[in-house]
Amino acid sequence: AAGVIQSPRHLIKEKRETATLKCYPIPRHDTVYWYQQGPGQDPQFLISFYEKMQSDKGSIPDRFSAQQFSDYHSELNMSSLELGDSALYFCASSPLGGMNTEAFFGQGTRLTVV
Amino acid sequence: GENVEQHPSTLSVQEGDSAVIKCTYSDSASNYFPWYKQELGKGPQLIIDIRSNVGEKKDQRIAVTLNKTAKHFSLHITETQPEDSAVYFCAASNSGYALNFGKGTSLLVTP
């Protein structure tokens, strides 16, 4: 079965640079979530989209922005990167607006800021 | 907001024994409680979930129980195998919104 696809899998950036992470949800899933996971930590919710509109917002820094496109893929844009942004970034997708249904996670993008 | 507490943080069992992980949540509006298994360097994998209108759910060696009154839910793994070794996260959400995760339990199953 098709899974959530994230790209790139690994990314190394310098401080103050920008990064763009991409997420391709499972086909026919209309909801996308972004999570950040630091080493040894639990995933922290950043932001979500349903039918291309922001549906929920968590602890996403103002330096980050995201959007969902007409084909339902999503991109997380990160600017003025800081060392503390180094983490695993996961995208998850759900069908039916996430109502009473499961969220499936991708394999993540490991971002290292040096 | 929702606060999910998970215990224990580490758990070591012998192969064939059972493992139990417990979580509590604070928001009475939460109605969806999934469990994820995460192996090193991989994304969280949904292994079982339960909704607030159900008290127990079982899938082969894995079962989850929910006590809405006490606001706690538990994961039970029977006949553990070495490949069950991973970090397990409980989560809670008001369906359609973000998952609030517990801090995770590192399970080690020794042969």
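One can find the structure itself at the top, above this paragraph.
Quick caveat, the model's predicted, so the values are computed rather than measured.

(A) Looking closely at the packing of aromatic side chains. In this structure the tally under the stated criterion is 13 aromatic pairs over all chains. Taken together, a centroid distance of 5.7 Å and an interplanar angle of 85° make the contact between Tyr35 of chain A and Phe101 of chain B edge-to-face. A residue pair is termed interchain when its members come from two chains, as with Tyr35 of chain A in strand β4 (residues 31-37) and Phe101 of chain B in strand β10 (residues 100-101). A relative accessible area of 6% means that Phe101 of chain B is categorised as buried. One aromatic cluster is present, formed by Tyr35, Phe45, Phe90 and Phe105 of chain A together with Tyr36, Phe89 and Phe101 of chain B through successive ring pairs.

(B) Molecular detail of the sheet that holds strand β3 (residues 19-25) of chain B. All names here are of chain B. One open sheet holds the five strands; their spatial order is β1-β3-β8-β7-β6, and the pairing between them is antiparallel. Each edge of the sheet is formed by a strand with only one pairing partner; in this case those strands are β1 (4-7) and β6 (56-59). Put simply, the sheet's adjacent strands are angled 15° from each other on average, direction ignored. As paired elements, β1 and β3 share four bridges and run antiparallel to each other. Of the residues in β3, the one forming a bridge with Glu5 is Thr24.

(C) Representation of the environment of Ser93 of chain A. Residue and element names in this part refer to chain A. Of note, Ser93 is situated in strand β9 (residues 87-94). Of the residues examined, Ser93 reaches a relative accessible area of 0% and is grouped as buried. Considering only alpha carbons, one finds Ser93 and Tyr72, 21 residues apart in sequence, at a separation of 9.8 Å. Once you skip the residues sitting within four places of it in the chain, Ser93 turns out to touch Val4, Pro25, Ile26, His29, Thr31, Val32, Glu102, Ala103 and Phe104. In terms of polar contacts, Ser93 uses its side chain to reach the backbone amide nitrogen of Ile26, at 3.3 Å.

(D) Highlighting the nonpolar core. One finds Trp35, Phe73, Leu75 and Tyr88 of chain B to be the most contacted residues of the largest nonpolar core, which totals 23 residues. For this core, the secondary structure elements donating two or more residues are β3, β4 (32-38), β5 (45-51), β7 (62-67), β8 (72-77), β9 (86-92) and β11 (105-110) of chain B. In terms of nonpolar packing, the next biggest core, distinct from the first, is built from 22 residues, Ala19, Leu21, Tyr89 and Cys91 of chain A among them.

(E) Inspection of the interface of chain A and chain B at higher detail. With 23 residues of chain A in contact, the opposing surface of chain B contributes 19 residues. Linking chain A to chain B there are one salt bridge. Where Lys103 of chain B meets Asp42 of chain A, a salt bridge forms, and the shortest distance between an N and an O atom there is 3.3 Å. Where chain A packs against chain B, one counts five residue pairs in polar contact (both at pLDDT 80 or more). The element best represented in the side of chain A that touches chain B is β4 of chain A, accounting for three residues. Residues of the side of chain A that touches chain B, tallied by class, amount to nine nonpolar, nine polar and five charged.

What counts as what
- Residues numbered from 1 in each chain as written.
- Chains lettered and ligands numbered in written order.
- Predicted model: local features only at pLDDT ≥ 70, side-chain atom pairs only at ≥ 80, totals over all residues.
- Heavy atoms only, no water.
- Phe/Tyr/Trp six-rings, centres within 6.5 Å; stacked < 30°, edge-to-face > 60°.
- Helix = DSSP H or I, 4+ residues; strand = E, 2+ residues; numbered from the N terminus.
- Buried < 20%, exposed > 50% of the residue type's maximum accessible area, 1.4 Å probe, protein only.
- Pairing = 2+ DSSP bridges.
- Axes fitted to C-alpha atoms, helices over the stretch in contact; angles between N-to-C directions.
- Contact = heavy atoms within 4.5 Å.
- Polar contact = N/O pair within 3.5 Å; in protein donor to acceptor, adjacent residues only side chain to side chain.
- Core = buried A, V, L, I, M, F, W, Y, C linked by side-chain atoms within 4.5 Å.
- Salt bridge = Lys/Arg side-chain N within 4 Å of Asp/Glu carboxyl O.
- Nonpolar A, V, L, I, M, F, W, Y, C, P; charged D, E, K, R; others polar.

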